[in-house]
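# Fold and geometry: a report
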Amino acid sequence: TCTSDDQCPPDLFCNATLGLCVPGNQGDRAGPQLSGIPDISRVSAGLGQEITVRFHVNEPLIGPPRVFLMLENEQKPFGLFEEADTPDSTWAFRYVVDGSEPQGQVPVGVSMVGADGAEVSGLFLGNLQFDFDAPRISDAEIFPQQASASASSMPISMVPPCHG
């Protein structure tokens, strides 16, 4: 482990975030980037629903990336779902909504470290919309011909729309 470059051999430098000595500057210090468009399994979620995020990176990584909800005062991590077959393949992470998330739109980010030690932190993957409100009836009309003891259905509209 290390906390500064002087604790590493001459050809390595200290990545203090990882606490590891990593290969020196090979000319690529920009850090890994996304390759293609991330896939988020759903953009709106409620209590108990699962969200899966998949993405590719453009270079090998030192260990798995970290995927998280980018909240105002904290980062809520996703769990690693499928580790990449090779360091620069597809990564997949899973998150189950527990109800502690804020109502509304929340960005999802990723932090990762390339094989050369270059780090990128808080790279934007997409937004999630958390909705904890129960559906409500927005309008209902009862017509006299439907208001009988034998009526078995009545047209109503739901807000938000229910998708079964």
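What counts as what
- Residues numbered from 1 in each chain as written.
- Predicted model: local features only at pLDDT ≥ 70, side-chain atom pairs only at ≥ 80, totals over all residues.
- Heavy atoms only, no water.
- Phe/Tyr/Trp six-rings, centres within 6.5 Å; stacked < 30°, edge-to-face > 60°.
- Helix = DSSP H or I, 4+ residues; strand = E, 2+ residues; numbered from the N terminus.
- Buried < 20%, exposed > 50% of the residue type's maximum accessible area, 1.4 Å probe, protein only.
- Pairing = 2+ DSSP bridges.
- Polar contact = N/O pair within 3.5 Å; in protein donor to acceptor, adjacent residues only side chain to side chain.
- Contact = heavy atoms within 4.5 Å.
- Salt bridge = Lys/Arg side-chain N within 4 Å of Asp/Glu carboxyl O.

## Structural notes on the packing of aromatic side chains
- Tallied over the entire structure, the rule returns 3 aromatic pairs.
- Ring centres of Phe55 and Phe93 lie 6.0 Å apart, and the angle between their planes is 5 degrees; this geometry places the pair in the stacked category. With Phe55 in strand β5 (residues 50–56) and Phe93 in strand β9 (residues 90–96), this residue pair connects regions lying 38 residues apart in the sequence. Residue Phe55 shares its accessibility class with Phe93, and that shared class is buried.
- Ring geometry for Phe130 against Phe132: centres 6.3 Å apart, planes inclined by 5 degrees, an arrangement best described as stacked.
- Phe132 gets classed as partly exposed once you look at its relative accessible area, which sits at 29%.

## Quick look at the sheet that holds β5
- The strand order across the open sheet built from 4 strands is β3-β5-β9-β8, with neighbouring strands paired in antiparallel fashion. In the strand order of this sheet, the two ends are held by β3 (39–40) and β8 (79–82), each with one partner.

## Description of the environment of Ser100
- Here Ser100 shows up in the loop between β9 and β10 (104–113).
- At 2.4 Å, the side chain of Ser100 and the side chain of Lys76 are in polar contact.
- At a separation of 2.6 Å, a polar atom in the side chain of Ser100 contacts the side chain of Asp98.

## As for the side chain of Glu101
- Structurally, Glu101 is set in the loop between β9 and β10.
- The class of Glu101 is buried, set by a relative accessible area of 4%.
- A polar side-chain atom of Glu101 sits 2.4 Å from a polar atom in the side chain of Tyr95.
- At 2.8 Å, the side chain of Glu101 forms a polar contact with the backbone nitrogen of Gly99.

## Considerations on the environment of Ala45
- By the element assignment, Ala45 lies in strand β4 (residues 44–45).
- Ala45 gets classed as buried once you look at its relative accessible area, which sits at 4%.
- Each C-alpha atom, one on Ala45 and one on Phe132, is 8.3 Å from the other, the two residues being 87 residues apart in sequence.
- Ignoring any residue separated from it by four or fewer positions in sequence, one finds Ala45 in contact with Ile51, Val97, Gln129, Phe130 and Asp131.

## Some thoughts on the pattern of salt bridges
- The final tally for this structure, using the stated rule, is 3 salt bridges.
- Residue Glu50 pairs with Arg94 through a salt bridge whose shortest N-O separation is 3.2 Å. Highlighted residues: Glu50 in strand β5 and Arg94 in strand β9, separated in sequence by 44 residues.
- Residue classification places Glu50 among the partly exposed positions, given a relative accessible area of 36%.
- Overall, the relative accessible area of 31% leaves Arg94 in the partly exposed class.
- Among the ionic pairs, Glu101 bridges to Lys76, the shortest N-O distance being 3.9 Å. Of the two residues, Glu101 sits in the loop between β9 and β10 while Lys76 sits in strand β7 (residues 75–77), which places them 25 residues apart along the sequence.
- Through salt bridges with shared partners, a single network forms among Lys76, Asp98 and Glu101.

## Quick look at the pairing of β10
- When you tally the buried positions in β10, you get 8 out of 10 residues, the bulk of the element.
- Looking at chain direction, strand β6 (residues 66–70) and β10 are connected through 4 bridges and run antiparallel. Across the sheet, the residue bridging to Val67 is Val110, located in β10.
- Looking at chain direction, β10 and strand β11 (residues 119–130) are connected through 9 bridges and run antiparallel. Across the sheet, residue Gln105 finds its bridge partner in β11, namely Gln129.

Functional significance is not addressed by these values, which are geometric in nature.
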